[in-house]
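# Residue-level structure breakdown
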Number of protein chains: 2
Amino acid sequence: MTVGIGIAGAGTIGGALVRRLIDERAAVVAKTGLDLEVRAVAVGDLAKPRPFTVPDGVMTDRPLDLIDDPRIDLIVELIGGTGIAGDLVMGALRAGKPVVTANKELVAARGPALWAAAEAAGADLLFEAAVGGGIPIIRPLSETLAGERIVRVLGIVNGTTNYILSRMADDGATYADALAAAQGLGYAEPDPTADVSGADATSKATILAGLAFGAWIDSAAVHREGIEGIRRADIGFAADLGYVIKLLAVAERTADGVSVRVHPAMVPVRHPLASIRGATNAVFIEGGAVGELLLAGPGAGRGPTTTAVLGDVIDAARGVLAHARVTPRIKIEPADAADFGSIATKWYIRLEVEDRPGVLAAIAAAFGDHGVSIKSVRQEGRGDRATVLVVTHRAPEARQRAAVAAIAGLDVVAEVGAVFRVESDEA
Amino acid sequence: MTVGIGIAGAGTIGGALVRRLIDERAAVVAKTGLDLEVRAVAVGDLAKPRPFTVPDGVMTDRPLDLIDDPRIDLIVELIGGTGIAGDLVMGALRAGKPVVTANKELVAARGPALWAAAEAAGADLLFEAAVGGGIPIIRPLSETLAGERIVRVLGIVNGTTNYILSRMADDGATYADALAAAQGLGYAEPDPTADVSGADATSKATILAGLAFGAWIDSAAVHREGIEGIRRADIGFAADLGYVIKLLAVAERTADGVSVRVHPAMVPVRHPLASIRGATNAVFIEGGAVGELLLAGPGAGRGPTTTAVLGDVIDAARGVLAHARVTPRIKIEPADAADFGSIATKWYIRLEVEDRPGVLAAIAAAFGDHGVSIKSVRQEGRGDRATVLVVTHRAPEARQRAAVAAIAGLDVVAEVGAVFRVESDEA
């Protein structure tokens with residue numbers, strides 16, 4: 001009943017996985033009846049010290065050799081990226097070997113090809129850790145909710161940006177200070193672009209949309225805005241209005257097709273996502289029959305991610321011994337994203353204006369001219385300038401943009417200081 | 001690729017399931033590749049009108065006939081209870097037929113025997129809907145977290161009691177009024193005992209403990225307290241002290257073994273479970289590596305429960321076509337519950353006392369004599385009587401009880417008004 005495991009990549013997660021497979025081998029046998037043996041660990045640099053000890057012959061610097069190694073029953077890809085990792089995963093699946101990966105970038109970039117290869121060979125591809133770290137998301141979406149008509153998925157799927165926004169909201173930190181704090185804690189990379197630009201969240205949004213709606217929207221077609229431009233002032237105004245600003249991955253079924261987008265959004269304080277603080281991740285799922293589900297927990301980090309990978313390894317090993325697939329067929333068809341201009345959302349707009357009579361009338365007229373109706377307006381004067389905060393009712397993106405462009409062109413408007421979409425259930 | 005489904009029980013959930021299997025048959029084929037055909041529906045009364053139409057010959061009043069019916073590939077048990085439902089589930093598993101059930105009472109009463117039968121015959125037994133309705137809990141615990149050392153599971157797993165406690169906390173309703181409101185909305189039965197006594201939550205606690213720790217504690221050995229005695233005053237005092245009162249199912253690994261208990265508890269307002277309101281359920285899982293997970297959503301109701309059952313049916317049907325089990329082996333050994341007297345918790349005690357010098361000293365001395373140290377004391381006088389609220393540090397149940405018994409015997413103490421355990425991470 002021994003299953004031979006080959007692990008490619010022994011960085012933070014890979015190293016921790018090897019340790020847990022060795023240290024907890026007897027415990028896993030006791031709990032699951034499966035004896036998991038680490039038979040190969042592929043690394044870039046054989047000379048580098050590792051936080052584990054394996055028998056001679058286990059370490060290798062040739063990851064692709066795992067594919068045809070008859071001692072290896074299943075492969076765990078923890079190299080990352082889409083290069084050699086992609087060759088390894090694709091090669092293993094084509095050879096009929098089950099693969100476990102935590103690589104959201106690879107799944108987002110080549111998902112349909114990987115699933116097709118898995119399907120053709122009858123091999124399992126598991127990737128629970130690719131979205132939401134230790135939070136169970138992939139199985140709930142693809143198994144528990146297989147019979148549900150999902151309407152919308154809202155996710156806080158990037159811990160770095162949620163940490164930064166939480167520090168700004170809770171401690172009044174500036175963006176720069178909060179980013180520096182995140183870097184100090186190791187939550188953010190020295191070059192934080194992939195996180196703060198929303199690129200990481202976009203990979204996850206693509207995967208979530210695929211699983212929720214069976215529609216594969218190319219990541220490049222996902223509307224994406226990062227958090228780099230968010231100012232403390234807007235976080236304060238949002239709080240005054242009863243909202244919290246979060247970077248959301250949104251996937252929803254609309255009349256025009258599936259819409260996928262990543263952008264900062266104002267979330268009502270009583271919404272379950274509003275209370276998700278720090279590096280925690282959460283996915284909020286709305287379905288026609290099931291109602292609202294919230295799945296929350298640590299979205300990254302060595303312990304949680306390794307637990308998710310290990311759960312997948314145990315599942316895949318079950319399949320190895322049963323000579324059967326354990327995961328459902330993932331049936332995702334390529335689809336065009338819904339036209340972003342037609343997606344209706346509520347907007348928050350901060351305007352810096354001259355404080356004189358007629359300003360509000362001119363602004364309101366511009367919204368009206370574009371068919372956008374206003375939900376609330378708040379004006380705060382300071383000397384000869386004033387800040388106007390407008391929250392609109394729901395209207396298509398294209399009309400909101402046209403209205404704001406028209407307002408930006410008004411003589412009395414000095415600056416469109418900020419624009420955020422507002423996620424709420426109200427019209 | 002057609003899988004024959006037999007459904008026993010066509011009440012709220014059964015009726016909805018039959019409808020969805022019929023109405024959404026083509027959609028399920030498109031999404032999963034599985035063609036699910038309803039071939040038998042067993043009911044108690046064939047003459048009763050049903051919210052669905054099936055071909056002649058599908059309705060039957062002999063549920064046990066489904067076991068040997070060769071047209072039936074998998075059986076869905078939605079009769080409830082442990083009588084005929086138990087015979088059906090056990091008979092089907094022994095015959096090697098996969099079973100889906102939402103019956104927490106049956107799983108809690110006969111889990112180990114059912115899993116043994118499933119194991120012996122190589123048949124799947126799926127029961128995602130038995131705990132937490134539409135919330136994915138069974139798969140996350142038994143699959144995603146298969147490699148995790150779970151430390152503690154805290155659940156709000158009974159929607160009726162959570163609704164009642166929410167009404168009392170949010171609207172100041174009395175217990176009687178909140179119960180009546182729950183009955184008016186159909187959340188509580190005319191005889192609400194199974195819910196308000198904690199019996200329903202106890203079944204679910206047993207199942208959660210089994211899956212989390214591989215230890216089967218007989219439901220009869222689970223310490224259980226209901227919500228019947230909770231007074232509005234204590235909910236108010238709890239709020240003043242920064243807590244919310246919830247009926248919790250607690251399963252935890254202790255030095256003395258696995259402890260399982262169901263009782264009202266004070267939860268800090270910032271704890272994720274504190275914000276779970278109304279009929280919503282939530283399960284909070286703490287693991288050594290994974291950290292803290294929260295899974296929340298509708299814990300009951302036709303739509304969510306039917307979605308969970310349908311997800312299980314789809315999974316089981318996959319197994320039918322693959323001639324393989326899709327669920328992991330559930331390996332749960334009978335175990336004795338940890339001695340309840342040795343379980344350390346913090347207590348909140350409300351005392352009605354005479355308002356005269358020396359009262360607090362006498363109370364404090366009684367705690368000290370029993371080795372219980374006090375975290376906070378608050379006294380509110382009104383005339384010659386006063387209310388004293390004590391929150392202790394963590395101490396074993398037996399010592400807490402002895403201290404409170406000694407205090408109850410003090411001349412100056414008119415009444416021990418209420419006692420609640422406090423769930424918090426602090427000592």
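Below is a short write-up of the structure. Only a predicted model underlies this, so the values are computations on that prediction, with no experimental measurement involved. (Residues numbered from 1 in each chain as written. Chains lettered and ligands numbered in written order. Predicted model: local features only at pLDDT ≥ 70, side-chain atom pairs only at ≥ 80, totals over all residues. Heavy atoms only, no water.)

### Here's the deal with the overall build of chain A
To keep things clear, this is the line we draw: Comment: elements are numbered from the N terminus, with helices defined as DSSP H or I runs of at least four residues and strands as E runs of at least two. Atoms considered for the radius of gyration are the C-alpha atoms alone. The globule rule reads 2.2 Å times the number of residues to the power 0.38. Accessible area is worked out with a 1.4 Å probe on protein chains only. A residue is then buried under 20% of its type maximum, exposed over 50%, and partly exposed in between.
Each helix and strand in chain A was counted, giving 13 helices and 19 strands. Since a compact globule built from 427 residues should have a radius of gyration of about 22 Å, the 24 Å found for chain A is in line with a globular shape. Overall size of chain A, expressed as C-alpha extent along the three principal axes, is 80 × 45 × 35 Å. Burial analysis of chain A (427 residues in total) assigns 59% to the buried set.

### A word on the sheet that holds strand 6 (residues 125-126) of chain A
Residues and elements named next belong to chain A. Note the following rule: Pairing between two strands is assigned when DSSP locates at least 2 bridges connecting them. Whether two residues are in contact is decided by their heavy atoms, any of which lying within 4.5 Å being enough. Lines fitted to C-alpha atoms define the axes, with helix axes restricted to the stretch in contact, and inter-axis angles between N-to-C directions lie between 0 and 180 degrees.
In space, the 6 strands of this open sheet follow the order 3-2-1-4-5-6, with parallel pairing throughout. Every other strand in the sheet has two partners, leaving strand 3 (59-60) and strand 6 as the edge strands with one partner each. As defined by bridge partners, strand 1 (residues 2-8) adjoins strand 4 (residues 74-77) across 4 bridges and the pair is classed as parallel. Across the sheet, A8 pairs through a bridge with E77, a residue of strand 4. Sheet strands touched by helix 11 (residues 302-322): strand 1, strand 2 (35-42), strand 4, strand 5 (99-101) and strand 6. Its angle to strand 4, the strand with the most contacts, is close to 160 degrees.

### A few points about the interface of chain A and chain B
By a widely used convention, the size of an interface equals the accessible area lost when the partners come together. This is how the line gets drawn: By buried area we mean how much accessible surface two parts lose on assembly, using a 1.4 Å probe and totalling the loss over both. Salt bridges are defined by distance alone: a side-chain nitrogen of Lys or Arg within 4 Å of a carboxyl oxygen of Asp or Glu. Here a polar contact is recorded for every N or O atom pair within 3.5 Å, except that within protein the pair must consist of a potential hydrogen donor and a potential acceptor, and residues adjacent in sequence are included only if both atoms are side-chain atoms.
Taken residue by residue, the interface counts 46 residues in chain A and 45 residues in chain B. Together chain A and chain B conceal approximately 3600 Å² of surface at their shared face, both sides included; 52% is due to carbon and sulfur atoms. Looking at the side of chain A facing chain B, the largest losses of area belong to K31(A), T144(A) and R318(A), adding up to 17% of the total buried there. Connecting chain A to chain B are 4 salt bridges. When the shortest N-O distance is used, the salt bridge between R20(B) and E148(A) registers 3.6 Å. Scanning the region where chain A abuts chain B turns up 20 residue pairs in polar contact (both at pLDDT 80 or more). Counting residues per element, the ones that place at least two in the side of chain A that touches chain B are helix 2 (25-32), helix 5 (138-144), strand 13 (291-298) and helix 11 of chain A.

### A closer look at the pairing of strand 16 (residues 374-382) of chain B
Residue and element names in this part refer to chain B. Relative to strand 17 (residues 385-392), strand 16 runs antiparallel, the two being bridged by 8 bridges. Looking at strand 17, one finds that I374 is bridged to T392. Between strand 16 and strand 17, which pair antiparallel in sequence order, lie 2 residues; one of them, G383, sits at a positive phi of approximately 70 degrees.

### Things to note about helix 11 (residues 302-322) of chain B
All names here are of chain B. Worth spelling out the cut-off: Given a helix with a known number of residues, its expected span is that number minus one, times 1.5 Å.
Taking 1.5 Å of rise per residue, 21 residues should cover 30 Å, and helix 11 covers 30 Å from first to last C-alpha, within 8% of that figure. Among the 21 residues in helix 11, 17 count as buried, and that is most of the element. Where helix 11 ends, the next residue or the one after it, H323, has phi of about 50 degrees, a positive value.

### Quick notes on unusual backbone geometry
Residue and element names in this part refer to chain A. Non-glycine residue H323 carries a positive phi angle of around 50 degrees. Tracing the backbone through its elements, the reader meets H323 in the loop between helix 11 and strand 14 (333-334). Owing to a relative accessible area of 74%, H323 belongs among the exposed residues under this scheme.

### Quick look at the sheet that holds strand 3 (residues 59-60) of chain B
Residue and element names in this part refer to chain B. Taken in spatial order, the 6 strands of this open sheet run 3-2-1-4-5-6, and their pairing is parallel. In the strand order of this sheet, the two ends are held by strand 3 and strand 6 (125-126), each with one partner. Contacting strand 1 (2-8), strand 2 (35-42), strand 4 (74-77), strand 5 (99-101) and strand 6, helix 11 crosses the sheet at an angle of about 160 degrees to strand 4.

### Let's talk about a nonpolar patch on the surface
Residues and elements named next belong to chain A. What counts is decided by this rule: Like charges are joined within 9 Å and nonpolar side chains (Val, Leu, Ile, Met, Phe, Trp, Tyr) within 5 Å, but only among residues with over 30% relative accessible area and no salt bridge; these make up the patches. The method behind every accessible area is Shrake-Rupley, applied with a 1.4 Å probe, and residues are considered shielded solely by the protein chains displayed.
A cluster of nonpolar residues, L64, I79 and I84, forms a patch on the protein surface that exposes about 210 Å² of accessible area. Secondary-structure assignment places L64 in the loop between strand 3 and strand 4. Exposure remark for L64: the relative accessible area of 36% places this residue in the partly exposed category.

### Things to note about the relation of the copies chain A and chain B
Selection rule: The copies were overlaid with a least-squares fit restricted to C-alpha atoms from residues scoring a pLDDT of at least 70 in each copy.
The operation relating chain A to chain B is a screw motion whose rotation component is 180 degrees, with 0.0 Å of axial translation and a residual RMSD of 0.0 Å. Between the two chains, the operation in question is that of a two-fold axis. Across chain A, the rotation axis passes nearest the C-alpha of L295(A), at a separation of 2.4 Å. Comparing interface residues between copies, 98% of those in chain A also sit at the interface in chain B, which points to an isologous, same-surface contact.

### Some details on the environment of V313(A)
Within the secondary structure, V313(A) is located in helix 11. Once residues within four sequence positions are removed from consideration, V313(A) is found in contact with I5(A), L36(A), L74(A), V76(A) and V100(A).

### Comments concerning the pairing of strand 19 (residues 413-422) of chain B
The side chains of a regular strand alternate, first on one face of the sheet and then on the other. Strand direction decides the pairing type here: strand 11 (residues 257-268) of chain B and strand 19 of chain B, joined by 2 bridges, are parallel. Paired with M266(B) across the bridge in strand 19 of chain B is V422(B).

### Considering the side chain of T160(B)
Residues and elements named next belong to chain B. With respect to the helices, strands and loops of the structure, T160 is situated in helix 6 (residues 159-171). At 2.7 Å, the side chain of T160 and the backbone oxygen of Y187 are in polar contact. With sequence-adjacent residues up to four places away left out, T160 is seen in contact with Y187, A188 and D195.

### A short note on the packing of helix 6 (residues 159-171) of chain A against helix 7 (residues 175-184) of chain A
Residue and element names in this part refer to chain A. Using the following cut-off: An angle below 35 degrees is treated as roughly parallel, one above 145 as roughly antiparallel, one from 65 to 115 as roughly perpendicular, and anything else as oblique. Left-handed describes a crossing in which the near helix is turned anticlockwise from the far one by less than a right angle; the clockwise case is right-handed.
Between helix 6 and helix 7, the least distance of the axes is 9 Å, while the angle of their chain directions is 130 degrees. When the axis of helix 6 is compared with that of helix 7, the two are oblique. In this structure, helix 6 meets helix 7 at a crossing whose hand is right-handed. For the pair helix 6 and helix 7, the contacting residues are Y163, I164, R167 and M168 in the first and Y175, A178, L179, A181 and A182 in the second.

### A short note on the nonpolar core
Quick reminder of the rule: For this analysis, a nonpolar core means a set of buried residues of the types Ala, Val, Leu, Ile, Met, Phe, Trp, Tyr and Cys, connected via side-chain atoms within 4.5 Å.
By size, the foremost hydrophobic cluster in this structure holds 167 residues, and its most contacted members are F127(A) and F127(B). Residues within four places of F127(B) in sequence aside, it is in contact with T101(B), V107(B), W115(B), I138(B), I207(B), L211(B), D312(B) and I330(B).

### Concerning the pattern of salt bridges
Residue and element names in this part refer to chain A. Scanning the entire structure with this criterion turns up 64 salt bridges over all chains. For R261, the salt bridge identified is with E252, shortest N-O distance 2.9 Å. Its relative accessible area of 1% is what places R261 among the buried residues.

### So, the packing of aromatic side chains
All names here are of chain A. As a reminder of what qualifies: For this analysis, a ring pair means two rings from Phe, Tyr or Trp (six-membered ring only for Trp) whose centres lie within 6.5 Å, classed as stacked if their planes differ by under 30 degrees, edge-to-face if by over 60, and tilted for the remaining angles.
For the coordinates displayed, the defined rule picks out 8 aromatic pairs over all chains. Taken together, a centroid distance of 5.8 Å and an interplanar angle of 50 degrees make the contact between W115 and F127 tilted. One end of the pair, W115, is in helix 4 (residues 104-121); the other, F127, is in the loop between strand 6 and helix 5, and 12 residues separate them in sequence. Relative accessible area serves as the criterion here: at 7%, W115 is assigned to the buried category. We classify F127 as buried; its relative accessible area is 2%. An aromatic cluster of at least three residues, connected via ring pairs, comprises W115, F127 and W216.

### Things to note about helix 10 (residues 232-240) of chain B
Residues and elements named next belong to chain B. Short version of the rule: For this quantity, the arc is that covered by the directions from the helix axis to the C-beta atoms.
Turning to helix 10, its buried residues are D234, I235, F237 and A238. Angular distribution of buried residues about the axis of helix 10 spans 165 degrees; they occupy a single face of the element. Backbone geometry just after helix 10 places G242 at a positive phi near 95 degrees.

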